[in-house]
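Listed below, chain by chain, are the residues.
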Amino acid sequence: MQRPNYPSGKDLLSADAVSRFDLDDIFERAERHLRDEQQEKAGIPLEPVPTHRRRPKVIATLFDQRSTRTRLGFQAAAARLGHQSIDAYDTDRGRMGSSTGESIEDHIHTVELYSDLLIVRSHLEDMPYRVSRLSYLPVINAGNGADEHPSQALIDLFAIRQMRGAIEKLSIALSSDTRARFAISFAKMLRLTPPKRFTLCCLPDVPINPAMREAMTVLAGLGTEISLVHDVRHTLDHDILNIQMQDMSKFAHAALGSEAVDKEKETEPFTITAQKILEARSDTLILNPLPRFSELDTSCDSLPNAGYFRQVQLSVPMRMAILERMLLGIPWTGQAAASGPPAPP
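As a starting point, this report considers the structure included with it.

1. Side note on the overall build of the protein
Consideration 1: Along its length, the protein carries nine helices and nine strands.
Consideration 2: Residues counted as buried form 53% of the 345 residues belonging to the protein.
Consideration 3: Contacts in the protein between residues far apart in sequence, at least 24 positions, make up 77% of those at least 6 positions apart.
Consideration 4: Of the roughly 15900 Å² that the protein leaves accessible, carbon and sulfur atoms contribute 51%.

2. Re helix α4 (residues 127–134)
Consideration 1: Within α4, six of the eight residues are buried, which leaves the element mostly enclosed by the surrounding structure.
Consideration 2: Every buried residue of α4 is listed here: Met 127, Pro 128, Tyr 129, Val 131, Ser 132 and Leu 134.
Consideration 3: Looking at the buried positions of α4, the neighbouring elements they touch are α3 (104–114), β3 (117–122) and β4 (139–144).

3. Quick notes on the packing of aromatic side chains
Consideration 1: Going through the model one piece at a time under the given rule, you end up with two aromatic pairs.
Consideration 2: In this structure, Arg 319 packs its charged tip against the face of Phe 74, placed 5.0 Å from the ring centre.
Consideration 3: In this arrangement the basic side chain of Arg 325 is found over the ring face of Trp 332, its NZ or CZ atom lying 4.5 Å from the centre.

4. Some words on the sheet that holds β4
By way of backbone hydrogen bonds, the strands of a sheet pair with one another, either parallel or antiparallel.
Consideration 1: Read across the sheet, four strands follow the order β2-β1-β3-β4 without closing on themselves; strand pairing throughout is parallel. Edge strands, defined here as strands with exactly one partner in the open sheet, are β2 (84–89) and β4. Across the sheet, the mean angle separating the axes of adjacent strands is 20 degrees when strand polarity is ignored.
Consideration 2: Of the strand pairs in this sheet, strand β1 (residues 58–63) and β2 are connected by five bridges, and their pairing is parallel. Looking across to β2, one finds that Thr 61 is bridged to Asp 87.
Consideration 3: Contacting β3 and β4, α4 crosses the sheet at an angle of about 165 degrees to β4.

5. Some words on helix α6 (residues 181–189)
Along an α-helix, a turn takes 3.6 residues, which lines up residues three or four apart on a common side.
Consideration 1: Burial within α6 is extensive, with nine of its nine residues counted as buried.
Consideration 2: Taken as a whole, α6 has its buried residues at Arg 181, Phe 182, Ala 183, Ile 184, Ser 185, Phe 186, Ala 187, Lys 188 and Met 189.
Consideration 3: On its buried face, α6 sits against β3, β4, α5 (150–164), β5 (171–175), α7 (210–221) and β8 (240–243).

6. As for the pattern of salt bridges
Consideration 1: Taken as a whole, this structure holds 20 salt bridges when the rule is applied.
Consideration 2: When the shortest N-O distance is used, the salt bridge between Arg 179 and Asp 247 registers 3.2 Å. On the criterion of sequence distance, the pair formed by Arg 179 in the loop between β5 and α6 and Asp 247 in the loop between β8 and α8 (274–279) is long-range, its members being 68 residues apart.
Consideration 3: Sharing partners across several salt bridges, the network here consists of Asp 22, Asp 25, Arg 29, Arg 32, Glu 324 and Arg 325.

7. Some words on the side chain of Ser 185
Consideration 1: Position of Ser 185 relative to the elements: it lies in helix α6.
Consideration 2: Setting aside its immediate chain neighbours within four residues, Ser 185 contacts Ala 15, Glu 148, His 149, Pro 150 and Ala 153.

8. Describing the environment of Ile 26
Consideration 1: Tracing the backbone shows Ile 26 in helix α1 (residues 20–41).
Consideration 2: Judged by relative accessible area, Ile 26 falls into the buried class, the value being 0%.
Consideration 3: With 128 residues separating them in the primary sequence, Ile 26 and Leu 154 have C-alpha atoms 8.6 Å apart.
Consideration 4: Discounting residues that sit within four places of it in the chain, Ile 26 has contacts with Leu 154, Met 318, Ala 321, Ile 322, Arg 325 and Trp 332.

9. Section: the sheet that holds β8
Consideration 1: With parallel pairing, the five strands of this open sheet are ordered in space as β7-β6-β5-β8-β9. In this open sheet, the two edge strands, each paired with only one partner strand, are β7 (225–229) and β9 (285–287). Sheet twist, expressed as the mean angle between neighbouring strand axes with direction ignored, is 20 degrees.
Consideration 2: Pairing of strand β6 (residues 197–201) with β7 involves five bridges; the strand directions are parallel. The residue of β7 that forms the bridge with Thr 199 is Ser 227.
Consideration 3: Here α5 sits on the sheet and contacts β5, β8 and β9; the angle it forms with β9, its principal contact strand, is near 160 degrees.

How each quantity is defined
- Residues numbered from 1 in each chain as written.
- Predicted model: local features only at pLDDT ≥ 70, side-chain atom pairs only at ≥ 80, totals over all residues.
- Heavy atoms only, no water.
- Helix = DSSP H or I, 4+ residues; strand = E, 2+ residues; numbered from the N terminus.
- Buried < 20%, exposed > 50% of the residue type's maximum accessible area, 1.4 Å probe, protein only.
- Contact = heavy atoms within 4.5 Å.
- Areas by Shrake-Rupley, 256 points an atom, 1.4 Å probe, with all protein chains shown as cover.
- Phe/Tyr/Trp six-rings, centres within 6.5 Å; stacked < 30°, edge-to-face > 60°.
- Lys NZ or Arg CZ within 6 Å of the ring centre and 35° of its normal.
- Pairing = 2+ DSSP bridges.
- Axes fitted to C-alpha atoms, helices over the stretch in contact; angles between N-to-C directions.
- Salt bridge = Lys/Arg side-chain N within 4 Å of Asp/Glu carboxyl O.

Written as C-alpha cells, this is what we have:
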C-alpha cells in the first residue's frame, strides 16, 4: 500500500506546534463556523458546500481515559462538518493490550486503514507521540497524562477572544495546579498573543512545574507583566480568571475503566464563590476547562462572570476548525511537533 505523503507538522501534539500564523488561521476558521451556526439558528441559508468536499471523513478516537467534553466535542465537531467518528479503542471490548489481544503497533496500523485522522487521549504521556510515529495520519493529542492538552488551550484562547476581545489588551490570571496539562498548554499558547499581565495563583509551598515556569519566562520576555499570588481574591481585578483545582494529583492518571476517584475539597484561598466576586465588585470573566470540583462554586453560575458553559459551547467551532485544517493537510508551523516525551525502550 502506498501511504499518503503528509507534510511535516501534520500533528497537534503540543502547544509548541502552533505558530502565530496557525493561530490566526484557526481563529478565522472557528469564527466562520461560529457565524454559520448563528446564521443557521436565525434561519439564514448557508452557502452550499462544494461537491468535492462532501465525501465524509472518518475520525478515530483512541481514549484510554474517560472524557465527556473532549470526546463528545470532537464527535459533535466531526458530525457538523459532515464527517463520522469511530471509537478505535474500548477498554472493555477492544483487543489491544489484553492477554488475547494485539500490540499497539498492529492496532494503530489497523485503525489507520479505517480512518483519516486519529485523536488520542491517554494516561501515558508518551502515547500520542508514539502513535504519531507509528501512523502516517494526522494525530491530535487530546490530553496525555500530566503533559499537555493543546486543543483545550486553543479553545480557551478562542473563548477569551469571543467574550473579551483582543488577548494582548487583557490581564489574565491562572489558578491551578501548575502540573495540570490544560494549564501548561494554556500558558505556552499565550506566547502567541501575550497579554498585558499574567498572574499565576498557586499553592505557596509547592514548586512550580518547570514547564510552567519556562512559559512564564517566555511571556516576561515578550513584555507581559508577571505576578505570583496565593489567594484567588488577588486575581479578581483581572479581565480573565482560568481556574481549576490546585492539587490534581488524584486526577492526572485517573479515569481508567471503573476506577473511582474521590473528590477532595479545595482549600478556601483557592475557591471562587459568588460572595467573593460580589464583595470585590469584580467583572472578571471566570473560565474553567471542566469538570469542576470544589474550586468553582455553583453559586457563580447565575452571575454574568460565569463564562465556562459558553466556553464549552465555543469549543465546537474551534474543534471544527482544528479538524478542518488537519484534514486538508495544512501543517502546523510552530516548533517541531513530534519531539515530545521519548518513546520507551
